[in-house]
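So the chains spell out like this:
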Amino acid sequence: MTRYQDVYPSNRVVLREVGLRDGLQLVKKFPSTAAKQQWIREEYAAGVRHFEVGSFLPAKTFPQFVDVREVVATIASLPGAHGIALALNERGVNEALESGVAEIASVVSATEEHSQANANRSRESAIANVRRMVELRNASAHKPVVNAAISMALGCSIVGDVDPGEVIRIAEKLYEAGVDMVVVADTVGYAGPRQVGDLTRAVVKIAGSKPVCVHLHDTRGMGIANASAALDAGARVLDGSLGGLGGCTFAPGATGNVVFEDLVFLCESKGFPTGIDLGKLIAVRKILRAEMPDEALYGGLARAGLPCGTAARAA
């Protein structure tokens, strides 16, 4: 048994900073290993504890993640910090297990069309891959947390609208396969608050005591509104990236993930304490500006500052 309840307690909101993986997925220039380590340490000092740190994918194709083991080790050296890495096949899962990373993530597409186009495999094959990942985890020594994201869950770049019933069916199969958490991903920023709220509520219902994460992109400017709807619907784990870094191959012109700083501010404004110092968090953006000067950074909070009289230090 993994201890996912310790990592994702049901009585509080957990925010995961995915800039180091999802945020770097498409960049042409990426930070050095030393800069990534500084990024992590400064965010940790600001109160961030959950980091998606990279992928166990072929280094030739994804050179930005060639140092994933060193980044995993950096997270492991920080008391209470939790690292998450992506692995999409058995080779990657075995490498992730060898690294000692605390959580391994995989992906299943919500539509057959996207699954074939993106991964050249069926959804059932992708679910079987997740089932195998769980088996390998169960046989390992340190038994990391396992999550599976349902990409295109709220709208597909190929077929458009997605049947929520199909997403719920896939979520049920993933929980049956033994994952600790399902991630509902609006990969191309397709949906609005009503759709996000309805689907999140349905997945939370079938998840039982297990956590549900919602992963949102701000492609059409709905990211923060959708995050608020997800919280109202019972999600207690949300993803965002520093400065809104990121993008998606299937959504040209997309502005990337929900801005992590704005996500912290949203949670605090809704009465969900995060333990994150917003002033210190915003200051970490200097690393991105120095290492990737051509990458656009987003965020209302960084642009306008905290409202007058609002403390930078989160509760």
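Residues numbered from 1 in each chain as written. Predicted model: local features only at pLDDT ≥ 70, side-chain atom pairs only at ≥ 80, totals over all residues. Heavy atoms only, no water.

(A) Representation of the overall build of the protein chain. Along its length, the protein chain carries 13 helices and eight strands. Computed over the C-alpha atoms, the radius of gyration of the protein chain is 18 Å, within 12% of the 20 Å expected from 2.2 N^0.38 for a compact globule of 315 residues. Seen along its three principal axes, the alpha-carbon backbone of the protein chain occupies a region of about 50 × 40 × 35 Å. By residue count, 56% of the 315 residues in the protein chain fall in the buried class. For the protein chain, the accessible area works out to roughly 12600 Å², and carbon and sulfur atoms hold 52% of it. Taking the average place of the 33 positive charges on the side chains of the protein chain and the average place of its 34 negative ones, the gap between the two points comes to 3 Å. (Helix = DSSP H or I, 4+ residues; strand = E, 2+ residues; numbered from the N terminus. Rg over C-alpha atoms; globule rule 2.2 N^0.38 Å. Buried < 20%, exposed > 50% of the residue type's maximum accessible area, 1.4 Å probe, protein only. Areas by Shrake-Rupley, 256 points an atom, 1.4 Å probe, with all protein chains shown as cover. Lys, Arg positive; Asp, Glu negative; His and termini not counted. Charge placed at Lys NZ, Arg CZ, Asp CG, Glu CD.)

(B) Here's a closer look at unusual backbone geometry. Its identity as a non-glycine residue notwithstanding, Lys-143 has a phi of 45 degrees, on the positive side. With respect to the secondary-structure elements, Lys-143 resides in the loop between helix H6 (123–138) and strand E5 (145–151). You will see that Met-152, though not glycine, has its phi angle at about 60 degrees, which is positive. Topologically, Met-152 is positioned in the loop between E5 and helix H7 (164–177).

(C) Region of interest: the nonpolar core. Trp-39, Phe-51, Ile-150, Leu-174, Val-179, Leu-238 and Leu-281 are the most contacted members of the largest nonpolar core, which has 85 residues in total. By residue number, the principal contributor to this core is H6, which donates six residues. When near neighbours in sequence (up to four residues on either side) are disregarded, Leu-281 contacts Glu-43, Ala-46, Val-48, Leu-242, Phe-260, Glu-261, Val-264 and Ile-276. With 13 residues, the next largest nonpolar core counts Val-7, Tyr-8, Val-145 and Cys-213 among its residues. (Core = buried A, V, L, I, M, F, W, Y, C linked by side-chain atoms within 4.5 Å. Contact = heavy atoms within 4.5 Å.)

(D) Layout of helix H2 (residues 33–46). Taking 1.5 Å per residue, 14 residues should reach 20 Å; H2 reaches 20 Å between its end C-alpha atoms and fits that length. Turning to H2, its buried residues number three or more, namely Ala-35, Lys-36, Gln-37, Trp-39, Ile-40, Glu-43, Tyr-44 and Ala-46. If you follow the buried residues of H2, they end up packed against strand E1 (14–17), strand E2 (50–55), helix H3 (68–76), helix H11 (278–283) and helix H12 (285–291). One or two steps after H2, the chain reaches Gly-47, where phi turns positive at roughly 115 degrees. (Expected span 1.5 Å × (residues − 1).)

(E) Seen up close, the pairing of strand E7 (residues 212–216). Buried residues dominate E7, accounting for five of its five residues. Side-chain alternation along E7 places Val-212, Val-214 and Leu-216 on one buried face and Cys-213 and His-215 on a second face that is also buried. As judged from the five bridges shared by strand E6 (residues 181–186) and E7, these two strands associate in the parallel manner. Paired with Asp-186 across the strands is Leu-216, a residue of E7. A crossover links E6 with its parallel partner E7, the connecting element being helix H8 (residues 193–207), and its sense is right-handed. Where E7 and strand E8 (residues 237–240) come together, two bridges link them in parallel fashion. Bridge assignment links Cys-213 to a residue of E8, and that residue is Val-237. (Pairing = 2+ DSSP bridges. Right-handed = clockwise from strand over helix to strand, strands pointing away.)

(F) The sheet that holds E7, seen in detail. Read around the closed barrel, eight strands run E1-E2-E3-E4-E5-E6-E7-E8, paired in parallel fashion. Direction aside, neighbouring strands of the sheet carry axes that sit 30 degrees apart on average. Taken strand by strand, H6 contacts strand E4 (103–109) and E5, and its axis lies near 165 degrees from that of E4. Contacts from H7 reach E4, E5, E6 and E7, with the element oriented near 165 degrees to E5. (Axes fitted to C-alpha atoms, helices over the stretch in contact; angles between N-to-C directions.)

(G) H7, seen in detail. Helix length check: H7, at 14 residues, gives a terminal C-alpha distance of 20 Å against a target of 20 Å (1.5 Å per residue), a fit within 8%. Where H7 is concerned, the buried positions are Val-167, Ile-170, Ala-171, Leu-174, Tyr-175 and Ala-177. Buried positions in H7, seen along its axis, are confined to an arc of 155 degrees and lie on one side of it. The inward-facing, buried residues of H7 contact E4, H6, E5, E6, H8 and E7. For H7, the N-terminal capping position is held by Asp-163, with its side-chain oxygen 2.9 Å away from the main-chain nitrogen of Gly-165. (Arc of directions from axis to C-beta. Polar contact = N/O pair within 3.5 Å; in protein donor to acceptor, adjacent residues only side chain to side chain.)

(H) View of the packing of H7 against H8. Their axes nearest at 10 Å, the elements H7 and H8 cross at an angle of 25 degrees. In this view, H7 runs roughly parallel relative to H8, as classed from their interaxial angle. Between H7 and H8 lies a crossing of right-handed hand. Residues Pro-164, Val-167, Ile-168, Ala-171, Glu-172 and Tyr-175 of H7 lie in contact with H8, whose contacting residues are Leu-199, Ala-202, Val-203, Ile-206 and Ala-207. (Parallel < 35°, antiparallel > 145°, perpendicular 65-115°, else oblique. Left-handed = near helix turned anticlockwise from the far one by under 90°.)

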